[in-house]
Amino acid sequence: MTKHTISSVRAGLLSKEFSAVELTRQALSFAEAENPKTNAYLSFSPERALAAAERVDARIAAGEDPGALGGVPVAVKDVILTKGLKTTCASKLLENFIAPYDATAIERIEAAGGVIIGKTNCDEFAMGSSNENSAFGPVRNPVALDRVPGGSSGGSAAVVAQGTAVVSLGSDTGGSIRQPASFCGIVGVTPTYGRVSRYGLVAFASSLDHIGPFARNTRDAATLLEVMAGRDPKDATSAEAPVPSYAASMTGNVKGLKIGIPVEYMKHATGETADLVNASFRKLQAMGCELREISLPNTDYAIDTYYIICTAEASSNLARYDGVRYTTRSQNSGTLSDLYKNTRGEGFGAEVKRRIMLGTYVLSHGYYDAYYKKAQMVRNLITQDFNKAFTEVDAIVAPVSPFPAFKLGEKVNDPISMYLSDIYTITGSLAGIPCMSTPCGNTSEGLPVGLQILCKHFGEETMFRLADAFENS
Amino acid sequence: MELAPPELIAKYQPVIGLEVHVQLATRTKIFCSCEMAFGAPPNTNVCPVCLALPGALPVLSMDAVELAVKASLALHCRVNPVSRFARKNYFYPDSPKGYQISQYDEPLAEHGYVDITVDGVKKRIGVTRVHMEDDAGKSVHDGFRDSDRNTYVDLNRCGAPLIEIVSEPDMRSSDEAYAYLTELKQALQFVEVSTCDMEKGHLRCDANVSVMLKGAEKFGTRAEVKNLNSFRFLKLAIDYEIARQVALVESGGRMVQETRLFNADSGETVSMRSKEDAHDYRYFPEPDLVPLRVSDEWKARLAASMPELPADKRQRFVTEYGLREYDAQVLTLTRPMSEFYEEVASVSGDPKTAANWLMGDLAGLLKAAGKEIEESPVSAKHLGELVAMVSKGELTGKSAKDVLPKMFETGEAPGPIVDREGLKTMSDMGAVEKIIDDVIAANPKQVEQYKSGKTAVMGFLVGQVMKASRGQAAANVVNDMLKTKLG
């Protein structure tokens, strides 16, 4: 199980080495056995998985193609709706919520033969950078079990690193895919905003939320993205742009590719992370890329901007968890006002409450112009920084995180320091450009470090071409 | 509450603005494809989007936009090429998202007007803006066994497409407000944007009312009066509110900005919440929707598809058909009425007579039968044919009055009825002359009176001739012939 890729699964199925049902049973039992080490899965879906696997086997038996993801065990972050399965958002408030419909991404994965084997742990409502904000306990990093896997998609990164799934889905609002990918030593991709439908992704910050893939190599991540990508009439913000063949873009040839290194990112980078990232730059040069320094002058405002916009949107998006309908309801509330206060007060964790309060504040009468409106203006400036840079370079490379995976509990009581761990990832999120993390080596303690690649809007082909070449060099 | 007497109210100038919510007549809800069926069992016309399930997203219905644009054009508004949706955040059980999707600082359309006439005086009332939004569900507080403890929520209406039409504070009396709402409703019904059925809540109205001393320049502090769900209540509530405010100010009190609820049973308004308690809605742009773009081409296409507006039609009826203002107004009250009339006018070739027959005899028959003009058993074409026969002198007015009820009963054209009953006007002049001679011979006394100057007796003689001809002699012919014969 541990070593499978999408192509090895396909080869095994077509050569009848194993059936999809056999592989699914094996994947489920291995994942269930391994899970106590990491707490990465919150639930498993054997019935749904086996039904999907049977369909794949039937296709093969009928001489049809098993599909781009035929028989591939896929894990799904528990903020993405899966019909008939619990979708908890790692929150007590949705502890017993069974999704009545499938996210568009899930429909497309199953149509392509993918097998959903379980739902993964994460920070509550995807808010966090260490996966310690889960109502169902933290996830441990399979590379070093005393350390965090990153967040918020910590469970989805851990299962792929651990080999208990071949690929997985995460969601990224400010770095929630790239940072855990980097901490766990795998590939994580945040596509262009609008590339993958958000229908069925539980909203945290709508203008920043993305669904994206985790995989153990770029090719698998690209395949999974290609399956999910494309216009969805159920998401007004999904893009019309046609989806190219990402496989065809991975030519291995990156000679002459112009690559920018933002000076603003490197001035803070120190220690082994900086060393490994700098070594990656030399490697890229050796591969024939042309490296040059660029400036993204508004980078310093990114964290403030991000935490205003994402908390504002979150404060509104999370209003629906009010105890009136599907949310776990606080008992013994005599009045409507008590019902709201008790349900939300008891149900939400500390970090979620902190963000709801921050967001409510920045949208309040008299503060909107000073905070939210100004933040949107800065967001435009940050996007313009990137647009300008991409007139000169084909891709930008940078660190993913200032530091590798930290120890559980290390930053729990210091939210500001926790927020700062997103410093390199949130600019790309704010601009809505495609970005990814790809492994670039380990520290002396054996902790993985990721290299971030960022491209212009809908520039996934260039991003994958560079990442694939880097990975194979 | 003490109310001010009329002589005191007369010292003050009321200032009134209306906020009108109209439900658009689309097949589906505004942000999902649920049907907009009225009267379905509770919570059956719902889906993940209008239930606000986690992960569900709104998608704007272009049908709703089309109707909203038509409404804006009917109210002479400028439709903005780009408008934007915003979230209005508040907690309430019948609002499952925890926010309403509305439009805030970039509405669909602005700067329109509605022309009204009150007591013969024409006045233009400004329309500040028209914006789109979704409706909430319904909280049901009564009618269940445990209604003393629980409230039930029906989300069928949740996500119904609405437009809100905000007027300028241009009205100065409840009569003007009444006239404004009448014109507005009529215009929206004409362009088929909404049924505007107030009983079903398809048209809802709030009024902003303030008073100031006559001659003052600064408006007084206003109160917003809600729950005005009929034209009568609108007028009652505004008049009550004016009298209340004047009494308050006259007694040395100070108006506070507040929201008040009209109680239809008592005819009073009561305070609901003051400005201090007002919600902070924390508006911000709706990130799940892209900006709404209405291209010039689309707007032009919609404008071209619009029917003539009632005010324009009214004016045309006066100039083109020579109708009186009042008749033109009656005949343009509804679009079906105006269309019916135009066909009668065109088929008959005599618009004025057509108007009289439609507003008189046919209207009377419809009223007695409890039918609307759309349900009339007499088609516009048939009424037109009847009017034409009268105009051309083929049928006397008196005979026509007998024919119409028969048409109403059977749905037949007038021709066959007239033929069957032999009602055609007598065209044989000899026969008419014979009847006249007989009448002259039979009434020597009256003939003598006429000759001695009592011309009023002519009416009696004509009546005798008509009676003898069973109403089939043409009255003008009889008149002329009698006059000639009597010298």
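Just so we're clear, the structure is a prediction, and the values are computed from it rather than from any experiment.

A short note on the overall build of chain A
Inference 1: Secondary structure assignment for chain A yields 17 helices and 11 strands.
Inference 2: Scaling as 2.2 N^0.38, a compact globule of 473 residues should have a C-alpha radius of gyration of about 23 Å, and chain A matches this with 21 Å.
Inference 3: Along the first, second and third principal axes, the C-alpha atoms of chain A reach 65 × 55 × 45 Å.
Inference 4: Counting over 473 residues, chain A shows a buried share of 63%.
Inference 5: A separation threshold of at least 6 residues defines the contact pool for chain A, and within that pool the share at least 24 residues apart is 75%.
Inference 6: The centroid of the 45 positive side-chain charges in chain A is displaced by 2 Å from the centroid of its 49 negative side-chain charges.

A look at the packing of helix α7 (residues 218-228) of chain A against helix α17 (residues 460-472) of chain A
Residues and elements named next belong to chain A.
Inference 1: Contact geometry of α7 with α17 gives a least axis separation of 9 Å together with a crossing angle of 155°. Taken together, the axes of α7 and α17 lie roughly antiparallel to each other. Residues Thr218, Arg219, Ala222 and Leu225 of α7 touch α17, and the partners they reach there are Glu460, Phe464, Ala467, Asp468 and Glu471.
Inference 2: Here the residues of the contact of α7 with α17 are counted per class, giving 4 nonpolar, 1 polar and 4 charged.

Details of the nonpolar core
Inference 1: Grouped together as the largest cluster of nonpolar side chains are 151 residues, with contacts concentrated most on A:Phe125, A:Leu169, A:Phe386 and A:Leu466.
Inference 2: Excluding residues that lie within four positions of it along the chain, A:Phe125 makes contacts with A:Cys89, A:Ser91, A:Leu94, A:Val202, A:Phe204, A:Leu318, A:Tyr321, A:Phe348 and A:Val352.
Inference 3: Core analysis: the second largest hydrophobic core is formed by 70 residues, B:Tyr12, B:Val22, B:Ala74 and B:Leu309 among them.

Description of the packing of aromatic side chains
Inference 1: Inspection of the entire model under this criterion finds 28 aromatic pairs over all chains.
Inference 2: Ring plane angle 35° and centroid distance 6.2 Å describe the contact between A:Tyr367 and A:Tyr371, whose orientation is recorded as tilted.
Inference 3: A:Tyr371 gets classed as partly exposed once you look at its relative accessible area, which sits at 28%.
Inference 4: Cluster of aromatic residues (ring-pair linked, three or more members): A:Phe97, A:Phe125, A:Tyr321, A:Tyr326 and A:Phe348.
Inference 5: One residue, A:Lys283, lies across the ring of A:Phe470, its end atom 4.1 Å from the ring centre.
Inference 6: A cation over a ring is seen here: B:Lys401 above B:Trp357, with NZ or CZ 5.2 Å from the ring centre.

Considering the sheet that holds strand β5 (residues 99-103) of chain B
Inference 1: Read across the sheet, 3 strands follow the order β5-β4-β15 (chain B) without closing on themselves; strand pairing throughout is antiparallel. Of all strands in the sheet, those with a lone pairing partner are β5 and β15 (284-285) of chain B, marking the two edges.
Inference 2: Where helix α11 (residues 302-317) of chain A meets the sheet, it contacts β4 (85-89), β5 and β15 of chain B, and its direction lies at approximately 65° from that of β4(B).

Digging into the side chain of A:Asp172
All names here are of chain A.
Inference 1: You can see Asp172 is positioned in strand β4 (residues 167-172).
Inference 2: Under the relative-accessibility criterion, Asp172 is labelled buried at 0%.
Inference 3: Setting aside residues up to four positions removed in sequence, Asp172 forms contacts with Ile177, Arg178, Thr190, Leu208, Asp209, His210 and Ser429.

Focus on the interface of chain A and chain B
Inference 1: Between chain A and chain B, the contact holds 37 residues from the first and 30 residues from the second.
Inference 2: Counting across the chain A and chain B interface gives 1 salt bridge.
Inference 3: In this structure, A:Arg198 and B:Asp288 form a salt bridge, with 3.1 Å as the shortest nitrogen-oxygen distance.
Inference 4: Applying the counting rule to chain A against chain B returns 17 residue pairs in polar contact (both at pLDDT 80 or more).
Inference 5: Those elements that place two or more of their residues in the side of chain A that touches chain B are α11 and α12 (336-347) of chain A.
Inference 6: Per-element tally for the side of chain A that touches chain B: the top contributor is α11(A), with 5 residues.

Regarding helix α14 (residues 444-451) of chain B
Residues and elements named next belong to chain B.
Inference 1: Three or more residues of α14 are buried, namely Gln446, Val447 and Tyr450. Projected down its long axis, α14 carries its buried residues within an arc of 100°, all on one side. α14 presents Pro444, Lys445, Glu448 and Lys451 as exposed residues on the side facing more than 90 degrees away from its buried surface.
Inference 2: On the buried face of α14, the contacting elements are α13 (429-442), α15 (458-468) and α16 (475-486).

Describing empty space enclosed by the protein
Rolled over the atoms, a probe sized like a water molecule indicates the empty space that remains.
Inference 1: Counted according to the given criterion, the structure contains 3 cavities of 30 Å³ or more.
Inference 2: Approximately 110 Å³ is the volume attributed to the largest cavity.
Inference 3: Of the residues contributing to the lining of the largest cavity, the split by class is 11 nonpolar, 1 polar and 3 charged.
Inference 4: In this structure, the second largest cavity occupies an estimated 80 Å³ of space.
Inference 5: A:Leu201, A:Ala203, A:Asn317, A:Arg320, A:Tyr321, B:Pro54, B:Gly55, B:Ala56, B:Leu57, B:Arg87, B:Tyr99 and B:Asp288 are the residues that line the second largest cavity.
Inference 6: Broken down by class, the residue content of the lining of the second largest cavity amounts to 7 nonpolar, 2 polar and 3 charged.

Focus on the domain arrangement of chain B
Residues and elements named next belong to chain B.
Inference 1: Partitioning chain B into structural domains gives domain 1 (6-298), domain 2 (308-421) and domain 3 (429-486).
Inference 2: A C-alpha centroid distance of 38 Å is found between domain 1 and domain 2.
Inference 3: Contacts between the two partners involve 9 residues from domain 1, matched on the other side by 11 residues from domain 2.
Inference 4: Taking both partners together, domain 1 and domain 2 bury about 810 Å²; carbon and sulfur atoms supply 56% of that area.
Inference 5: Of all residues in domain 1, Glu183, Gln186 and Phe190 bury the most surface against domain 2, accounting for 65% of the area lost on that side.
Inference 6: Linking domain 1 with domain 2 are 2 salt bridges, by the criterion used here.
Inference 7: Linking Glu183 and Arg314 is a salt bridge whose minimum nitrogen-to-oxygen distance equals 3.3 Å.

Observations regarding the environment of A:Tyr306
All names here are of chain A.
Inference 1: Looking at the secondary structure, you find Tyr306 in helix α11.
Inference 2: Sequence separation between Tyr306 and Ala375 is 69 residues, and the spatial gap between their C-alpha atoms is 7.7 Å.
Inference 3: When neighbours within four sequence positions are excluded, Tyr306 is seen to be in contact with Thr173, Gly174, Phe204, Leu208, Thr311, Ile426 and Leu430.

What to know about a nonpolar patch on the surface
All names here are of chain B.
Inference 1: On the surface, Leu261, Val270 and Met272 cluster together to form a nonpolar patch covering roughly 230 Å² of accessible area.
Inference 2: Inspection of the secondary structure assignment puts Leu261 in strand β13 (residues 258-263).
Inference 3: A relative accessible area of 32% places Leu261 in the partly exposed class.

Quick look at the state of the cysteines
Inference 1: Inspection of the entire model under this criterion finds 0 disulfides over all chains.
Inference 2: Here A:Cys122 stays free of any disulfide, with the sulfur of A:Cys89 as its closest cysteine sulfur at 6.8 Å.

A few points about the confidence of the model for chain B
Inference 1: With 99% of its residues at a pLDDT of at least 70, chain B reaches an overall mean of 91.
Inference 2: Here the predicted complex carries an ipTM of 0.95, next to a pTM of 0.90.

Description of the side chain of B:Lys313
Residue and element names in this part refer to chain B.
Inference 1: With respect to the secondary-structure elements, Lys313 resides in helix α6 (residues 310-321).
Inference 2: What makes Lys313 buried here is its relative accessible area of 8%.
Inference 3: In this structure the side chain of Lys313 is engaged in a polar contact, spanning 3.4 Å, whose partner is the side chain of Glu308.
Inference 4: Leave out the neighbours within four places in its chain, and Lys313 touches Phe190, Glu308, Thr332, Ser338 and Glu342.

Conventions we followed
Residues numbered from 1 in each chain as written. Chains lettered and ligands numbered in written order. Predicted model: local features only at pLDDT ≥ 70, side-chain atom pairs only at ≥ 80, totals over all residues. Heavy atoms only, no water. Helix = DSSP H or I, 4+ residues; strand = E, 2+ residues; numbered from the N terminus. Rg over C-alpha atoms; globule rule 2.2 N^0.38 Å. Buried < 20%, exposed > 50% of the residue type's maximum accessible area, 1.4 Å probe, protein only. Contact = heavy atoms within 4.5 Å. Lys, Arg positive; Asp, Glu negative; His and termini not counted. Charge placed at Lys NZ, Arg CZ, Asp CG, Glu CD. Axes fitted to C-alpha atoms, helices over the stretch in contact; angles between N-to-C directions. Parallel < 35°, antiparallel > 145°, perpendicular 65-115°, else oblique. Nonpolar A, V, L, I, M, F, W, Y, C, P; charged D, E, K, R; others polar. Core = buried A, V, L, I, M, F, W, Y, C linked by side-chain atoms within 4.5 Å. Phe/Tyr/Trp six-rings, centres within 6.5 Å; stacked < 30°, edge-to-face > 60°. Lys NZ or Arg CZ within 6 Å of the ring centre and 35° of its normal. Pairing = 2+ DSSP bridges. Salt bridge = Lys/Arg side-chain N within 4 Å of Asp/Glu carboxyl O. Polar contact = N/O pair within 3.5 Å; in protein donor to acceptor, adjacent residues only side chain to side chain. Arc of directions from axis to C-beta. 1 Å grid on protein atoms, 1.4 Å probe; cavity = no way out; pocket = protein on both sides within 12 Å on 5 of 7 lines; lining within 4 Å. Points joined across faces, edges and corners; volume = space filled by probe spheres on them. Domains from an automatic or database assignment. Buried area = accessible area lost by both parts, 1.4 Å probe. Patch = residues over 30% accessible without salt bridge, like charges linked within 9 Å, V, L, I, M, F, W, Y side chains within 5 Å. Areas by Shrake-Rupley, 256 points an atom, 1.4 Å probe, with all protein chains shown as cover. Disulfide = S-S within 2.5 Å. pLDDT = per-residue confidence, 0-100.

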